[in-house]
Amino acid sequence: MFFILAKVTFAIVRPVTFALLLLALGVLLMRTRYGRAGRRLVTVTVLGLLLIGFTPLAPLSIAPLEDRFPLPERVEPAPDGIVILGGALDEKVNDRRPGSYALSDAAERMTIVARLAREYPEARIVFTGGTGDLIDQSFSEAAIARRLFLDFGLPEARMTFEGQSRDTWENAVLTRDLVKPAAGSRWLLVTSAFHMPRAVGIFRKVGWPGLVPYPVDYRSRGFGQIRLIPDSPVQNMVIFDIAVREYLGLVAYRLAGRSDDWFPAP
């Protein structure tokens, strides 16, 4: 139920979608006796979109998420395992083009595995990811990840795949039950930097020992490097969507008892 509610809610309140709904409402109102209210609504909405697209608001919003957990240069002692969260495969393309490796903007979650596996040759490789699709549950990222990691040259015996999870909570619970990490063990947790605070809060909540966050897939330069003039207004809107989703996710998971912290820290 939580998964369905979260999907439906964010589909409505995500900034770009919500702005389009407000614009449509404003245009409709302009054809009624509430035309003045409609014009004001359209004006405010357009100004909001311009603010997101043409100011540093988007990178400033996502930077606190990405800067929360620093990227470690070298993990000592070496980890016992590496957990990679799904979300980097384009489900629609891979489902319809068998044999393809269609990666999303979060591709670094997958590509970093080749280097980490070489850097920590004794670490167990664990991938967790089914599908985040609300309707079609037949696709599983784990199947694609298995083929990709085998093509990287990683031995089958070194890898474990969990392919039923639909969200980060299920990533943590199902993978914990599958792997059964021992007390005192150390595990790299690999996911997008903006997603790391929520992921860490959840994995801590389910009792996963020895977590070492390993953030990848950065979308901003960090506070000290943010440009006043954005590179791409469209990309800014995408980044702002991501940031809002993560902040809403942090609040929702805390209220639902799936994390013990509002904003997990190292």
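Chains are numbered independently. Their residues run from 1 in the order of the written sequence. Predicted model: local features are reported for residues with pLDDT of at least 70 only, side-chain atom pairs are reported and counted for 80 or more only, and whole-chain, interface and lining totals are derived from all residues. Each side-chain value is derived from all of the structure's non-hydrogen atoms; neither hydrogens nor water enter the calculation.

Draft legend 1. Spatial organisation of the pattern of salt bridges. Counted as salt bridges are all cases of a side-chain nitrogen of Lys or Arg within 4 Å of a carboxyl oxygen of Asp or Glu. Enumeration according to the criterion identifies 11 salt bridges in this entry. We note a salt bridge from E170 to R166, for which the minimum N-O separation is 2.9 Å. Relative accessible area serves as the criterion here: at 18%, E170 is assigned to the buried category. We note a salt bridge from R219 to D217, for which the minimum N-O separation is 2.8 Å. Each member of the pair, R219 as well as D217, carries the same accessibility label: buried. Among the charged side chains, a salt-bridge network with shared partners connects R74, E76, R115 and E119. Here's how the labels work: a residue is buried when its accessible area is under 20% of the maximum for its type, exposed when over 50%, partly exposed in between, all with a 1.4 Å probe on protein chains only.

Draft legend 2. Spotlight on the packing of aromatic side chains. In summary, the pairing rule links any two rings of Phe, Tyr or Trp, Trp by its six-membered ring, whose centres are within 6.5 Å, and it sorts them by plane angle into stacked for under 30 degrees, edge-to-face for over 60 and tilted for everything else. With the rule as written, the count across this model stands at six aromatic pairs. Here F127 and F149 contribute two aromatic rings whose centre-to-centre distance is 6.2 Å and whose plane-to-plane angle is 80°, an arrangement assigned as edge-to-face. Residue F127 is found in strand β2 (residues 124–128), and its partner F149 is found in helix α7 (residues 141–151); the two are separated by 22 residues along the sequence. Note on accessibility: F127 and F149 belong to one class, buried. In this text, helices come from DSSP runs of H or I with a minimum length of four residues, and strands from runs of E with a minimum of two, each type numbered from the N-terminal end.

Draft legend 3. Examining helix α8 (residues 168–179) more closely. Here a helix's expected span is defined as the number of its residues, less one, multiplied by 1.5 Å. Taking 1.5 Å per residue as the helical rise, α8 with its 12 residues ought to reach 16 Å, and the 16 Å between its terminal C-alpha atoms agrees with that figure. Of all the residues in α8, the buried ones are T168, E170, N171, A172, V173, T175 and V179. Against β1 (81–85), β2, β3 (159–162), β4 (187–192), α9 (196–205) and α10 (233–255) lie the buried residues of α8. Residues adjacent in sequence count toward polar contacts only when both atoms are side-chain atoms; beyond that, a polar contact is any pair of N or O atoms within 3.5 Å, and within protein one must be able to donate a hydrogen and the other to accept it. Of the residues that open α8, the one with a side-chain oxygen 3.3 Å from the backbone nitrogen of W169 is D167. Where α8 terminates, the next one or two residues include K180, which has phi positive at roughly 55°. Note on contacts: a residue pair is in contact if any heavy atoms of the two residues lie within 4.5 Å.

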